[in-house]
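Now for the letters of each chain:
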Amino acid sequence: MASRPLLDTKSSTIPSSAQADQSSRLIEEWLRARKYERQLASNTVAAYRRDLQRFAASLQERHRDLPSATPADLHAAFASASGGISARTENRRRAAVRNFYRWLLRERRIPADPSAELQGAEIGRSLPKVVKLDYIEALLRAAVGDEPVNLRNRALIELAYSAGLRVSELCGLRLRQTNFSERVLRIRGKGNKERLCPFGEQAAAALHAYLESGRSFLRGTAPDSSPVPLPDRAEDFVFLTRSGLPLTRFGCAATLRALCKQAGFTHHISPHTLRHSFATHLLEGGADLRVVQELLGHSSITTTEIYTHLDRDYLTETVRSFHPRG
C-alpha cells in the first residue's frame, strides 16, 4: 500500500481554518487507530482527545499547528500549561503527544518526530487510599431504609467492595452480566478483556433486594408508575438514577460523597477507594497476589504489587501495636 504524502510542516503565521481542521482530522484519525489497535476504553479515548485538543490550542497561540510544531514549541506549550495539575496528569498528556507524533512519523505524515526528546514529569510512588471495614459498614448504615435509592446505594457499595469493580464497570454493569446462582459477574474491563468477578453473600442479598424492590421504581415499571424512556440498549443497566437513567461515574462519586457526609466522615471515600480496600483486605487475609491480579483485571502483576506495600504497612502496624517489644 502506498505511503501517504508528508504533510506541509512549514512554519506559518496563525494557522488558517484549513490548518486547524487538518489538526482536528489528524487527532480523530489517530484516536480511531489507537482505539482499534489497543482496544481503548471510551473514557481513555475522551481523555486523549481533550489532551491533544488542549495541546493544539496551545500551539495555535504560538502560531503553530500540530504538524509544524518543533521541539521548542512542545516544551514551551507544556511549560505554560503545567501549572495547577498533578504530575500524573502531566505525564498522561505528554504520553498522548508522544504517541501521536510517533504515529504521524510512522504514517509518513511528518519528516521527524518533534517529541523525541520530550521527557515525562517526575512523579513519586503514591499508595492507593484504603479504608477499614468499619468505614464501609458505616457507609452501609448511612444507606439504611427501603427507599429505592437507598436499596440501590447499598447494592452499589456492597458490589464495589465485594467484587473490586472499577467505577466504569459498576456504572456499565448490565443485568445479563449477573449470575446469582454462581454469584459471579462477567465483567468486560480495560482493553475489552473479560473476567469473572465473584461477589459475596451479603452483596448478593443487597443486589437482589435492589433488583426486586428498588430498580423497578427507578426504571418506572413498578405498578402505578409512568415508564421512563431510556436510551437505546440502555434498558438493562443495573444501577439507575432517580430519573431512571443509567448511573454515571460522576453520579456514583456524588452518591458516595453524600453518604460519607451523612455517616459523619471528615474525608470522602471514592468508588476507587472501595476497589483498593477490596484488594488490600484480600491480601491481608492471605490471598495470593496472582489471584488478586486476576480479580482486579490487571494486565501486569507489577500493577497489583503496589498492594503488597500496603500489606507490609499493615503487618508493621500490627507488630508495633501487639508485640511486647514492638
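Below you will find a few notes about this structure. In this numbering scheme, every chain counts its residues from 1 along its sequence in written order. With the structure being a predicted model, the display of local features is reserved for residues of pLDDT at least 70 and the display and counting of side-chain atom pairs for 80 or more, all residues being used for whole-chain, interface and lining totals. Side-chain numbers come from the whole structure's heavy atoms, not from hydrogens or water.

On to the side chain of R34. Labels follow the DSSP assignment, with helices taken as runs of H or I lasting at least four residues and strands as runs of E lasting at least two, numbered in each case from the N terminus. Along the polypeptide, R34 turns up in helix α1 (residues 17-38). In what follows, a contact means two residues having at least one pair of non-hydrogen atoms within 4.5 Å. Excluding its chain neighbours within four sequence positions, the residues that come into contact with R34 are Q39, L40, Y48 and N99.

Let's shift gears to helix α4 (residues 87-106). Taking 1.5 Å of rise per residue, 20 residues should cover 28 Å, and α4 covers 28 Å from first to last C-alpha, within 8% of that figure. Relative accessibility under 20% of the residue-type maximum defines a buried residue, over 50% an exposed one, and the middle range a partly exposed one, all with a 1.4 Å probe and only protein chains included. Among the residues of α4, E90, N91, R93, R94, A96, V97, R98, N99, F100, Y101, W103 and L104 are the ones counted as buried. Within two residues after α4, R108 carries a phi angle of roughly 60°, on the positive side. Expected helix span is given by 1.5 Å per residue-to-residue step, counting one fewer step than there are residues.

All right, on to the pairing of strand β2 (residues 184-188) then. Where strand β1 (residues 178-179) lies against β2, 2 bridges are found, and the strand directions are antiparallel. Within the sheet, the bridge partner assigned to N179 lies in β2 and is V184. Any two strands with at least two DSSP bridges between them are considered paired. The antiparallel pairing of β1 with β2 creates a hairpin that spans 4 residues between the two strands, and R183 there sits at a positive phi of about 55°. Sheet topology places β2 next to strand β3 (residues 194-198); 5 bridges connect them, and they run antiparallel. Residue pairing for β3: R186 is matched across the bridge by L196. As consecutive antiparallel partners, β2 and β3 are separated by 5 residues, and within that stretch G191 has a phi angle of approximately 70°, a positive value.

This part covers the environment of L140. Within the secondary structure, L140 sits in helix α5 (residues 133-142). Here L140 falls in the buried class, since its relative accessible area comes to 17%. L140 sits 11 residues away from L151 along the chain, and the two C-alpha atoms are 10.0 Å apart. In contact with L140, other than residues within four places in its own chain, are R154, I157 and E158.

In space, the 3 strands of this open sheet follow the order β1-β2-β3, with antiparallel pairing throughout. The two strands at the open ends of the sheet, each matched to only one other strand, are β1 and β3.

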